[in-house]
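Listed here are the chains, written in short residue letters.
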Amino acid sequence: MTDFSSVEGKVAIVTGAADGLGKAIALCYAENGMKVIVSDINADKGLGVVQDIITGGGEAVFFKTDVSLEEDVRGLIDFAVTTYGRLDGIVNNAGISADSRPIHEYSIEEFDKITAIDLKGVFMGMKFGIEAILKSKSPGGFVINVASLAGIMGNSAMAIYTSSKHGVVGLTKSAALDYAAYNITVNAICPGTIRTSIWRDAPEEVVQQYANILSPNGRLGDPKEVAHVALFLASDLARYISGSAIPVDAGAHVGKVTPTKWSHPEILN
Ligand SMILES: NC(=O)c1ccc[n+]([C@@H]2O[C@H](COP(=O)([O-])OP(=O)(O)OC[C@H]3O[C@@H](n4cnc5c(N)ncnc54)[C@H](O)[C@@H]3O)[C@@H](O)[C@H]2O)c1
């Protein structure tokens, strides 16, 4: 049986952890014995996640952070180190999507707003987080950046988000080389289409239509399917993996599915 117990006691920050993928990662980390700093701009929901973790017997604290603000990110890292005396890892997950539009219809203000959170926020989480991990002399230090399929593929009508996520993959690859000799792995997770808050209010038939188009297996991903990859990357089982941008997308990044009529469908009977 594969043993994930190497994560027990590791101290990790998860940004954007009040909802969606960040929440799933925070819950999964705590279930596996990690000490989690739940960080989000939304304090009510973030405190709710901490409560869920504590009720489930895990260990977590909350720190309100807007990842686009330097003083908030510095404060978050200081809080983690003051609370737990060390930092082993950071998951830079907080991110927002942009309205779908062609480039000439985007405003400069939209560019600044999206990149401040989706790219500069990740840079700052890495910069201050890695400083703390180095000072902690963590034997199993890790950085996980939640990018997107938009970090490795083009996307029509999503140029700002796509360029930010490509930037996140670039930060990941460069930092992997910077810190390879210092016991810190740096990887990106590139989710495809995962069922988070963006789909919450959509009717099920609309969700299914999108799943048929965007996902080769015809369903949206579950946040837990991303969290399990984040758990593996935080564990010592993944110490030889760094600089990777790992798609979690049922294969969407490798090409399009074309409908095919099988000659022998009875093989499935
Ligand atoms: N859900 C998907 O299909 C999908 C696909 C690809 C990539 N992603 C990426 O995954 C990450 C999480 O997305 P999600 O679907 O869970 O979104 P979500 O909206 O469900 O959750 C995002 C969380 O980030 C928080 N947040 C927003 N702005 C913030 C800020 N400035 N500072 C701190 N926290 C902030 C929100 O309050 C929220 O709790 C994002 O980086 C997103 O780009 C998601």
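Residues numbered from 1 in each chain as written. Predicted model: local features only at pLDDT ≥ 70, side-chain atom pairs only at ≥ 80, totals over all residues. Heavy atoms only, no water.

The chain appears in an unreviewed UniProt entry as NAD(P)-dependent dehydrogenase, short-chain alcohol dehydrogenase family from Paenibacillus catalpae. The UniProt entry for the chain carries this comment under Sequence similarities (unreviewed entry): "Belongs to the short-chain dehydrogenases/reductases (SDR) family." (UniProt positions renumbered as here; feature names shortened; annotations may be inferred.)

Trainee: Would you take a moment to explain the packing of aromatic side chains for this structure?
Mentor: Given two aromatic rings, one states the distance between the centres and the angle between the planes to describe the pair. Under the counting rule described, the total for this entry stands at 3 aromatic pairs. For the pair Tyr-29 and Phe-142, a centre-to-centre distance of 6.3 Å together with 90° between the ring planes defines the contact as edge-to-face. Of this pair, Tyr-29 sits in helix H1 (residues 20-31) while Phe-142 is found in strand S5 (residues 141-146), placing the two residues 113 residues apart along the sequence. (Phe/Tyr/Trp six-rings, centres within 6.5 Å; stacked < 30°, edge-to-face > 60°. Helix = DSSP H or I, 4+ residues; strand = E, 2+ residues; numbered from the N terminus.)

Trainee: Sorry if this is basic, but what is going on with the site of the ligand here?
Mentor: What surrounds the ligand is a group of 26 residues, the closest being Leu-21, Asp-40, Asn-93, Tyr-161 and Thr-196. At 2.9 Å from an oxygen atom of the ligand is found a side-chain nitrogen or oxygen belonging to Ser-197. Only H1 and helix H5 (159-179) provide two or more residues apiece to the shell around the ligand. Here the shell around the ligand is built from residues that sort into 12 nonpolar, 10 polar and 4 charged. (Near = heavy atom within 4 Å. Polar contact = N/O pair within 3.5 Å; in protein donor to acceptor, adjacent residues only side chain to side chain. Nonpolar A, V, L, I, M, F, W, Y, C, P; charged D, E, K, R; others polar.)

Trainee: Looking at this model, I keep getting lost on the pattern of salt bridges. Mind explaining?
Mentor: Side-chain pairs of opposite charge can arise where the charged atoms are in close proximity. Considering all chains together, one arrives at 10 salt bridges under this definition. Lys-45 serves as the salt-bridge partner of Asp-19, at 2.9 Å between the closest nitrogen and oxygen. On the criterion of sequence distance, the pair formed by Asp-19 in the loop between strand S1 (11-15) and H1 and Lys-45 in helix H2 (residues 43-55) is long-range, its members being 26 residues apart. Relative accessible area serves as the criterion here: at 21%, Asp-19 is assigned to the partly exposed category. Here Arg-101 and Glu-110 are joined by a salt bridge, their closest N and O atoms 2.6 Å apart. Judged by its relative accessible area of 22%, Arg-101 falls in the partly exposed class. (Salt bridge = Lys/Arg side-chain N within 4 Å of Asp/Glu carboxyl O. Buried < 20%, exposed > 50% of the residue type's maximum accessible area, 1.4 Å probe, protein only.)

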